[in-house]
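Inside the fold
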Amino acid sequence: MREQAVFTNMCMVERDGYVLMQERNDEDWPGVVFPGGHVEPGESFTEAVVREVREETGLAIEKPELCGVKQFYTEDGARYVVFLYRADRFSGEIRSSEEGRIFWVKKEDAEKQDLASGVAPMLPVFFGDFPREIFWRYDDGVGVPEII
C-alpha cells in the first residue's frame, strides 16, 4: 500500500548562542519559525534544506545535521513530513526575503517569540542531543504532538 507524502524541511542556524528565525509573511501559517520549505522533485533532502536556507536568509549553510523529523496527516490524508536540521557552519550575510523578516535571537529566547502554530513542540528536538521524531496523533480531531 502506498500513501501520498509531502516532504519539507526546517533548519535552525546557530551562531554564538543565537539562532536565526523568520517572521513569516503568510496568512495561512503566520508567526515565527526557523527557515525552510519544500523538497523539490529530484532533490535530496539535504540539498533542499541548503537551498531553502539560502533563498530565505542569504546564508550558504554547510553540512547541516539532521536532528529530527516531524510528521502529521493533512486534511486530504497525505503524510506531511518535515526534516529538522541544525547548522552552525555558514557563509554570507543575512537578508530577509519575500517569505519573511529574518533576525537573530538568543537561543534561550526562541520560545518567547510569537511562534507559528506547531513550532513550540519542535524546539526540544532542535535543542536536543540526538535525533527525535515528533508524530502528531489526533484524538477527536485535536492534534497532540508526541515526541518519540
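Please refer to the structure higher up on the page.
Keep in mind that this is a model prediction, so the values were computed, not measured.

Calculation notes
Residues numbered from 1 in each chain as written. Predicted model: local features only at pLDDT ≥ 70, side-chain atom pairs only at ≥ 80, totals over all residues. Heavy atoms only, no water. Buried < 20%, exposed > 50% of the residue type's maximum accessible area, 1.4 Å probe, protein only. Helix = DSSP H or I, 4+ residues; strand = E, 2+ residues; numbered from the N terminus. Pairing = 2+ DSSP bridges. 1 Å grid on protein atoms, 1.4 Å probe; cavity = no way out; pocket = protein on both sides within 12 Å on 5 of 7 lines; lining within 4 Å. Points joined across faces, edges and corners; volume = space filled by probe spheres on them. Nonpolar A, V, L, I, M, F, W, Y, C, P; charged D, E, K, R; others polar. Core = buried A, V, L, I, M, F, W, Y, C linked by side-chain atoms within 4.5 Å. Contact = heavy atoms within 4.5 Å.

Focus on the pairing of strand β2 (residues 18–24)
Of all seven residues making up β2, five are buried, and the element is well covered by its neighbours. Where strand β1 (residues 5–15) meets β2, two bridges bridge the pair, whose relative direction is antiparallel. Paired with arginine 15 across the bridge in β2 is tyrosine 18. Bridge count between β2 and strand β3 (residues 31–33): three bridges; the pairing is antiparallel. Residue pairing for β3: arginine 24 is matched across the bridge by glycine 31. In sequence, β2 turns back onto β3 through a hairpin of six residues.

Notes on the layout of surface pockets
To locate leftover empty space, one rolls a probe as large as a water molecule over the atoms. Counted as a void, the largest pocket has a volume near 490 Å³. In terms of lining, the largest pocket is formed by 23 residues, of which the most central are Thr8, Met10, Arg24, Trp29 and Tyr80. Residues of the lining of the largest pocket, tallied by class, amount to 10 nonpolar, eight polar and five charged.

Re the nonpolar core
A general trend in soluble globular proteins is that nonpolar side chains are found buried together. Met10, Val19, Met21, Phe34, Leu84, Met122 and Phe126 are the most contacted members of the largest nonpolar core, which totals 23 residues. Looking at this core, the elements with two or more residues in it are β1, β2, β3, β6 (65–73), β7 (79–87), β9 (100–106), α2 (123–127) and β10 (132–139). Of all the elements, α2 adds the most residues to this core, at three residues. If sequence neighbours within four positions are ignored, leucine 84 has contacts with Met10, Glu65, Leu66, Cys67, Gly68, Val69, Lys70, Met122, Val125 and Phe126. Within the second largest apolar cluster, 13 residues are counted, among which are Cys11, Val49, Ile61 and Trp104.

These figures capture arrangement, not role.
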